[in-house]
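So the chains spell out like this:
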Amino acid sequence: MAGGGRMGGRYLTEEEKANAPKVTWPLIKRILSNITPYWKQFSVVLVCIVISSVLGLLPSVLTGKIIDEGLIGQNMKLLVILICASLGVTLLSNLIQVGESYLNSWIAQHMTFDMRNKMYKHLQKMPQSFFTSNNQGDIITRMTSDISGVERVVTSTFTSILSNTITLVAAVVIMFRENWILALVGAAVIPLFTIPTRWAGKTRWELTQESQECNDQINGILNETLSVSGQLLVKLFGQEQKEYDRYEGANRRMIKLNIKESMAGKWFMVIVKTFSSIGPMLLYLVGGILIMKHDSSLSVGDITVLVTLLGRMYGPVNSLLNIQVEWIRSMALFTRIFEYLDMPVTIKNDPDAITPEKAVGEVRFDHVGFAYEPERQILKDVDFTLKAGTSIAIVGPSGSGKSTIINLIPRLYDVCDGSVSFDGVDVRKLDLEFLRDSVGIVSQETYLFNGTIRENLLYAKPDATEEELFAACEKANILEFIQRQEKGLDTPVGNRGLKLSGGEKQRISIARVLLKNPALFIFDEATASLDSISESKIQEAIDPIIHSRTSILIAHRLSTILAADEILVIKDGVIAERGVHSDLVKLGGIYTELYETQFGRALDVEA
Ligand code: ATP
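Residues numbered from 1 in each chain as written. Predicted model: local features only at pLDDT ≥ 70, side-chain atom pairs only at ≥ 80, totals over all residues. Heavy atoms only, no water.

## Comments concerning the domain arrangement of the chain
At step 1: Per the domain assignment, the segments of the chain are domain 1 (15-179 + 310-348), domain 2 (359-438 + 519-607) and domain 3 (444-517).
At step 2: The straight-line distance from the C-alpha centre of domain 2 to that of domain 3 is 24 Å.
At step 3: Each partner contributes residues to the interface: domain 2 has 19 residues there, and domain 3 has 13 residues.
At step 4: When the two sides are added together, the surface that domain 2 and domain 3 hide from each other amounts to roughly 1300 Å², 53% of it contributed by carbon and sulfur.
At step 5: Counting across the domain 2 and domain 3 interface gives zero salt bridges. (Domains from an automatic or database assignment. Contact = heavy atoms within 4.5 Å. Buried area = accessible area lost by both parts, 1.4 Å probe. Salt bridge = Lys/Arg side-chain N within 4 Å of Asp/Glu carboxyl O.)

Now the structure itself:
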């Protein structure tokens, strides 16, 4: 019966009402533009919907003829033909609906396929700040459920609007053609059942929402007070009676709501059943009056057609009355997706970007200022040059801005003041792919994909030969470990590399960067303490790199610092001291302090 089982979720929550998007013509045009590539299939769907909706009504019309000409006219042959025609039309209409469903889901799947790919590509171009400032869950929700929602809009919302409108219009036209007086009576009774249905549905929905809240409250009380620590607190403070009263209150509210809810269901059915039978009865009554008192040419068959058509209108009317809800939800869905797609790509290739033949890895920071958020300056007037073939160690207290400095080189972020140049060219003027290819970073947080060691290494150089892989692993001091594994390079690393130790992960990521063979090598030393054997293995791996490559090292251990040609001491985002170890240690400043507290301890461990 009309809308009986479709009450849940059929009304907008206060939050949905407050966030209802503004529907503008450009928004509609943009939504339609996603369907344009499939306009041919879409046209077929439209034709199928029109045909199947109209065919769906034909059996109702044929019923009139079956009664008047077949049964009352006692024409057996015609009766059989009409019955067969009616069955045939129903079958055809349903078959067309199957074809239409297939095409519809084909279009929806292809549309969402396009949207997902477009969104993924766009997200890949987003600056790093996007990923640090947005909740990962939100990003994934937009990629998955929001886009899947679009599929529902195409396969269900859209089809339902169209087929219900056509069914309704066709039914009204046929009814008026049969008899305009009865058609008007039919139209007049529609609000009689739609209004109470909606009213009862809304009341039930509100009660369900309320009882859900009450249920949450009860669960909250149980979780709080029946947990080990919760019970301890209740007992120690003698709050048993108070907690019981709180629980009993919520429990009482719950039973009241449940009774109300089940009664609302019963009233609802009484109302719906009564009102839905008022329509046909009125038609029989008025039809009878017309035939008996006004000598109308109306036949029993005609009245039956009108009654059947009226019955066919309940469903579409109810659906269309709920369309506003579906419509607002669908628009909100598209708006959320477009919001992401419209986020500007702030770090992108300059149209006149330069791609040099070869990189040497020289870096120049020219009075660089940087802030992640406008109100909090992180780097101030950072100015230094890293000559090709040399190395710089950056040291400083935690949070002073060391990682931020290196993030600016491959343009994970762009500077706010001054400039960063790579091989004499402002990084913003360099081809982004060239720049990122020329810089290799081993970061503090080593990230390995869930796969084998080999797969992780090949990420840097997909066409690397077996020899190259072994050579890189040897240089990174991880070959021996790999050879000890039963599966060698094909050993799985586990989710995010969790099957490996911190030191092993770091050495694999050094090997990965070595395979990439960048002009500039950046090593962000892990602050988390590794055991001394792991540390010395990493040291052995990076020492030759520091001496032979242009490199920047964020260092926490003396041995790494000593290997660099120059040391920059960063404090609160500025270069506070710079020079070589022997000079800095005598200054009696931040470096001396770091040396005595942090590096000194490391030295003890190494010794
Ligand atoms: P550590 O030695 O602990 O790694 P660090 O010297 O490398 O520290 P940075 O990571 O450069 O420090 O951070 C410098 C400051 O910038 C910190 O105060 C940090 O809170 C802030 N910061 C870092 N990343 C972001 C970000 N994505 N958004 C906002 N602030 C950030």
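## Details of the packing of helix α4 (residues 76-125) against helix α10 (residues 300-341)
At step 1: Two elements in contact, α4 and α10, have axes whose closest approach is 9 Å; the angle formed by their N-to-C orientations is 35°. Listed contacts from α10 to Met115, Lys118, Met119, His122 and Leu123 of α4 are Phe334, Ile337, Phe338, Tyr340 and Leu341. (Axes fitted to C-alpha atoms, helices over the stretch in contact; angles between N-to-C directions. Helix = DSSP H or I, 4+ residues; strand = E, 2+ residues; numbered from the N terminus.)

## Topic: the site of the ligand
At step 1: In the vicinity of the ligand there are 16 residues, among which Arg376, Ser398, Lys402, Ser403 and Thr404 approach most closely.
At step 2: Within the side chain of serine 398, one N or O atom sits 2.6 Å away from an oxygen atom of the ligand.
At step 3: Taking glycine 401, its main chain carries an N or O atom lying 3.0 Å from an oxygen atom of the ligand.
At step 4: Protein coverage of the free-state accessible area of the ligand, which is 640 Å², stands at 72%. (Near = heavy atom within 4 Å. Polar contact = N/O pair within 3.5 Å; in protein donor to acceptor, adjacent residues only side chain to side chain. Areas by Shrake-Rupley, 256 points an atom, 1.4 Å probe, with all protein chains shown as cover.)

## So, the packing of aromatic side chains
At step 1: Within this structure, the stated rule accounts for twelve aromatic pairs.
At step 2: Ring geometry for phenylalanine 42 and phenylalanine 158: centres 5.1 Å apart, planes at 35°, overall tilted. Remark: phenylalanine 158 occurs in helix α6 (residues 136-178) and phenylalanine 42 occurs in helix α3 (residues 39-72); sequence separation between them is 116 residues.
At step 3: Residue classification places phenylalanine 42 among the buried residues on the basis of a relative accessible area of 13%.
At step 4: Relative to tyrosine 340, the ring of phenylalanine 130 lies with its centre 5.6 Å away and its plane at 75°, an arrangement referred to as edge-to-face. Of this pair, phenylalanine 130 sits in helix α5 (residues 128-133) while tyrosine 340 sits in helix α10, and the two are 210 residues apart along the sequence.
At step 5: Taking the relative accessible area as the measure of exposure, tyrosine 340 reaches 2% and is therefore buried.
At step 6: Cation over ring: arginine 30 sits above phenylalanine 338, and NZ or CZ is 4.1 Å from the ring centre. (Phe/Tyr/Trp six-rings, centres within 6.5 Å; stacked < 30°, edge-to-face > 60°. Buried < 20%, exposed > 50% of the residue type's maximum accessible area, 1.4 Å probe, protein only. Lys NZ or Arg CZ within 6 Å of the ring centre and 35° of its normal.)

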